[in-house]
Every structure is written in structure tokens, then in C-alpha cells.
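Given next are the chains, with one letter for each unit.
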Amino acid sequence: MKYVDEYRDPTKADKLIKEITRLADTLAEQRGRPVNVMEVCGGHTHSIFRYGIENMLPQSVELIHGPGCPVCVLPIGRVDDCVAIAEDEKAIMTTFGDAMRVPGSKRSLLQAKSLGADVRMVYSPLDALKIARANPDKEIVFFGLGFETTMPSTALTVLKAEAAGIRNFSLFCNHITIIPTIKAVLDSEDFQVDGFLGPGHVSMVIGTRPYDFIAEHYRRPVVISGFEPLDILQSLWMVLKQLDAGHPYIENQYSRVVPEDGNHAALQAISRVFELRPFFEWRGLGSIDHSGVQLNARYAAYDAERKFAVPAVAIADPKACQCGEVLKGIIKPWQCKVYGKACTPQTPMGALMVSSEGACAAYYQYGGGPHQASHDDLVGENAA
Amino acid sequence: MCLGIPGKIVAISDAVQLLGIVDVGGIQRSVDLSCVAQDFASLDSLIGHWVLVHVGFAMSVIDEAEAQATLAVLTELGQVQEELIAMQEGQS
Ligand code: SF4
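Right, let's walk through the structure included here. All of these numbers come straight from a predicted model, not from anything done at the bench. (Residues numbered from 1 in each chain as written. Chains lettered and ligands numbered in written order. Predicted model: local features only at pLDDT ≥ 70, side-chain atom pairs only at ≥ 80, totals over all residues. Heavy atoms only, no water.)

**Quick word on the environment of Lys332(A)**
Residue and element names in this part refer to chain A. The following threshold applies: Under the DSSP-based scheme used, a helix requires at least four consecutive residues in state H or I and a strand at least two consecutive residues in state E, with every element numbered from the N terminus. For every residue, the accessible area obtained with a 1.4 Å probe (protein chains only) is divided by the maximum for its type, and the residue is called buried under 20%, exposed over 50%, and partly exposed between those limits. Counting of polar contacts relies on pairs of N or O atoms within 3.5 Å, with two restrictions inside protein: one atom must be capable of donating a hydrogen and the other of accepting it, and residues adjacent in sequence are counted only when both atoms are side-chain atoms.
Locating Lys332 in the fold gives a position in the loop between helix H14 (323-327) and helix H15 (359-365). Since its relative accessible area comes to 6%, Lys332 is described here as buried. Spatially, the C-alpha atom of Lys332 lies 28 Å from that of Phe279, the residues being 53 residues apart in sequence. Among the polar contacts made by the side chain of Lys332, one reaches the main-chain carbonyl oxygen of Leu63 at a distance of 3.2 Å.

As C-alpha cells, this is what we get:
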């Protein structure tokens, strides 16, 4: 396929890895620890595991898998609210596949479905509108989640529902915003990340400027990266070059998709229907100010939280669950006490085990973990 | 969910609703073009362009020149040069 195969050329990867090794070795020696680079986006986490990129890298560079998987950071209380809506007799709940398996305090959407709730997997929010048209006597709810990447599609769907006069459609909105999230991670204690691979598809919506503060204030380089193996390697190399030069700035490796100013139509749709929530609860990270959005007053009629009674109870993460530490890069997934034991992709305890964009599931699925102990031990000690 | 997929716009199916048909690896599906129509004088001029498709919405027109530029940087890293020459020779 065009613009895919070219970015999977193994000979180019070899050359990049040599360059990465040369730079990372020097930088790691200066620091007395490996260089830590965080990929913020779950899509990158997925690619990194799928193509075995970690195994190609020298020990002098360490990838930290950040909080950018929207399914993974959804808190238990929100899942419970969603299940409560789905179990309402007049409701048909629609959502993306991954979201169906996130554990709630009692059950996931998938379990609710097996108990008789009408829960349907859709590819696009527009499919939910089709279901609404076909079922006029039902209330169709779209369980919307994701960062700015998926926010425009949800916003446009609400606008289309309004334009078509569809009244039996509403949104259970769990969209989150990237900038407050990165800021919260940067401000957290024990944070030892030297640079970032910036999220490619969030950036195609918001552009490159919103990241300026990371270079200016936090003095960390950010390279907005594509998702093919060579994109990721090239971006990593660019981060290391910036670190070596000691001059952090925002660079755009993914310029074939990411315009500097973002996408005007997408941003406009977002600002028409959404407003910031004062705060939003995250699994593993706690509450982060202004990190979520909700429908504004003008579109309140499409808000499932107003149409349905939801429990809206905040529920703490299970005690044994260490998702928060994994999300901040403090521990590696397999260092979590329940990893691979009480928590597996079949029986996820924490949300990082649910989606292939979550670090724990990715490790589990693609065979990372304790057998790489010599390498990871080194890092574990450093991170502790 | 956050991984988009590149596809080629092959037709406009509903100009009012801004819907088009996009070929993604041989599979054709209806895709919303609201986010990419802005930069084009007419919807029809979108046909033939590659876009990044995300949950049923075309979110970005893939910039051919930028794609080439990124590949050029990778190429400059060397090694592949010979291979490219061999490829070109093979084609002529
Ligand atoms: S193993 Fe399970 S509980 Fe532990 S951090 Fe990973 S997802 Fe969370």
C-alpha cells in the first residue's frame, strides 16, 4: 500500500539503529543511566511491540510507554456508568471493540451484553446514527472515547444527528485531551523522561504548536512521529540528536500527515459541540484538571448523562493494580505484582491489559517480559 | 482505535453529506470527507488523493511531497542508495 511499504524497509532500519546506538551510548554515559524516551500515544506502543522495535534497540535507550491509550485510562466508575446505561431497557449501546472489555467494578460492557444488554460494536460513530435511524423506538447511545484524534468524528456525528433531526441518539462522552495529560505526567514525581515521541494522529488535529511549552518550559524535545517502524526509529533518532545538541524543540517527522496548524474543520467541530470539564478522573493517574470534555449546553439534548440516570460514583482502582506506575514509566509492566497472574488479557484487572495499545497487553501478547530480565533489571534498578 | 489507515479517494458518493468512497487496501467503504474538503476547490478534485482514514472519517490528506521528503532523509542515511539505483536500472 502506498506510504506504508516504504516505511518498513529493513536496510534503512539497520542504518538508523546504528545511528541511534552511537548517539544513545554517548548520552547514556553522560547520564549514568539509559536515555528514557516516552511514546505518549498508544498507537506507537502498539507499533513498537508489533514490530519488535524494543528488541532492536541498544540498552542505552529505553522506551517508556506513556498514558496515551484512551481505553486504558478509563476509570472504573465511568465503565460502571456506561454499563448502567447499556442495561436500561430502552438503550442500545454502541462503541468500538476495545472499549467493550474494560473491566468495571461489577462487569464490563461485554459481560453486560452476555447477560442480555443490547451492546453493539461499531467501526465508526456514524454507524451508531444508522442504528438510530433503524430503531426509532430505542435510544441509541454512542460510548465515545479517545483523545483529539477521535473527538472530531464524534463531534461531527452529533452535528449530523442534529442536522438530520435524529432525536434518539446520544453520546456518553469520555473524550480526553492530550496537553493536560502530558503536563500531569511531566509534573509527576519520579519522572525521568528525557524526550518524547509526540502523538501523530492527535497532532494531525491539533497541530504542532500546543506542544511548544514542553520544549520551552520543560526543556524536553518532542518529535511528532508516524506509526510505521521506520517512522518510529527515525523519530527516536531525531529526539537523540536534539538531546545531543542540547537544544530541545518541537519537530515534525510525520509531516506527510500532520500540518503545523492542525485541521481547521476538525477543530471547529470540536469547539462547536464540546466544552472542557473542570476535571476528569483517570485510571491509574487520578484526577487531572481540564483533561476531559463534555457536550456544551447547546448540545445537552445529545448528552447520555442527562438522558439516563447514571450512578456517577468514583471507584478506586484495585489495590494490587499498578497501572499508574506503569503509565508513568516508573515500573515495567511485568514488574506489576499481578502481571500474567491475576491480570492477563483474558482476565484483565487493570485497563492496560485490555487493549493492544496498552503496555501490559502489548508486552504479554508480543512476548516481552521476564525473559528479558537482564535488560529490564538494569532499568528497573535505575527507575526505582 | 488510534491507528488510522491510508486509503485513496475513488469517488464522491454524496456531495451534500460530504461522503466519498475510499479504497483501503482493496476494500471500498464510505468515508466522511468533512475534515479534508476544506482545502479543495471542489469535492471532485479530492478524487485520486490519499487520505488517512480514522473511524470512518478522512482526517488528513497525505502530503505527497512531505512523504517523499521524509523518505529522502531516510535515503540520505546511505546504504540504500545502491539498491535504489539497481531498482531504477531494473525498471528501464
Ligand atoms: S499487570 Fe494489570 S494491574 Fe498490573 S499494571 Fe498491568 S494492567 Fe495494571
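That shown, we press on.
**As for helix H1 (residues 10-31) of chain A**
Threshold: Each helix should span, by expectation, one fewer than its residue count multiplied by 1.5 Å.
In this model, H1(A) (22 residues) spans 30 Å end to end at C-alpha, consistent with the 32 Å of a helix rising 1.5 Å per residue. Turning to H1(A), its buried residues are Lys12(A), Ala13(A), Leu16(A), Ile17(A), Glu19(A), Ile20(A), Leu23(A), Ala24(A), Leu27(A) and Ala28(A).

**Considering the packing of H1(A) against helix H11 (residues 229-245) of chain A**
All names here are of chain A. We count it as follows: In this description, a line fitted to the C-alpha atoms serves as the axis of each element, helices being fitted only across the stretch in contact, and the angle between N-to-C directions of two axes falls anywhere from 0 to 180 degrees. Left-handed describes a crossing in which the near helix is turned anticlockwise from the far one by less than a right angle; the clockwise case is right-handed. Residue contacts follow a heavy-atom distance rule, with two residues in contact if any of their heavy atoms lie within 4.5 Å. Residue polarity is assigned by list, with Asp, Glu, Lys and Arg as charged and Ala, Val, Leu, Ile, Met, Phe, Trp, Tyr, Cys and Pro as nonpolar; anything else, Gly included, falls into the polar class.
Where H1 meets H11, the axes come as close as 9 Å, and the angle between the chain directions of the two elements is 30°. In terms of crossing hand, the pair formed by H1 and H11 is left-handed. In contact with Lys12, Ala13, Leu16, Ile17, Glu19, Ile20, Leu23, Ala24, Leu27 and Arg31 of H1, H11 contributes Leu230, Leu233, Gln234, Leu236, Trp237, Leu240, Lys241, Leu243 and Asp244. The residue makeup of the contact of H1 with H11, split by class, is 13 nonpolar, one polar and five charged.

**Describing the site of the ligand**
All names here are of chain A. Stated precisely, the cut-off is as follows: Nearness is judged by heavy atoms alone; a residue qualifies as near a molecule or strand once a single heavy atom is within 4 Å of it. Two kinds of site are reported from a 1 Å grid over the protein atoms alone, namely cavities, where a 1.4 Å probe fits but cannot get out, and pockets, open sets with protein on both sides within 12 Å along at least five of seven lines, and residues are called lining when an atom falls within 4 Å of a point. Molecule-in-pocket calls rest on the fraction of atoms, with more than half required to lie within 2 Å of the cavity or pocket grid points.
Taken together, Cys321, Gln322, Cys323, Val326, Cys336, Val338, Tyr339, Cys343, Gly350, Leu352, Met353 and Cys360 are the residues near the ligand. Because more than half of its atoms lie within 2 Å of the grid, the ligand is assigned to the second largest cavity. Among the residues forming the shell around the ligand, the class breakdown is 10 nonpolar, two polar and no charged.

**Considering the pairing of strand E1 (residues 5-14) of chain B**
Residues and elements named next belong to chain B. Quick note on the threshold: When DSSP finds two or more bridges between two strands, those strands count as paired.
Here E1 runs beside strand E4 (residues 50-54); their pairing, made up of four bridges, is antiparallel. Across the sheet, residue Ile5 finds its bridge partner in E4, namely Val53. For E1 and strand E2 (residues 19-24), the ladder comprises five bridges, and the chain directions are antiparallel. By the bridge assignment for E2, Lys8 is matched with Asp23. Turn length for the E1-E2 hairpin, with the two strands adjacent in sequence and antiparallel, is four residues, and the turn residue Leu18 shows positive phi of about 55°.

**Concerning the interface of chain A and chain B**
One frequently used descriptor of interface size is the decrease in accessible area upon assembly of the parts. Convention followed: Reported buried area values correspond to the accessible surface (1.4 Å probe) lost by two parts on association, with both partners' losses combined. By convention in these notes, a salt bridge is any Lys or Arg side-chain nitrogen within 4 Å of a carboxyl oxygen on Asp or Glu.
Facing the 49 residues of chain A at the interface are 38 residues of chain B. When chain A packs against chain B, close to 3900 Å² is buried across both sides, 67% of that on carbon and sulfur atoms. Inspection of the chain A/chain B interface yields one salt bridge. In this structure, the salt-bridge partner of Lys160(A) is Asp32(B), at a minimum N-O distance of 2.5 Å. Counting residues per element, the ones that place at least two in the side of chain A that touches chain B are H1, helix H2 (42-50), helix H6 (125-134), strand E5 (139-146), helix H7 (151-163), helix H9 (200-206), H11 and helix H12 (264-273) of chain A. Of the residues forming the side of chain A that touches chain B, the biggest block, six residues, is contributed by H1(A).

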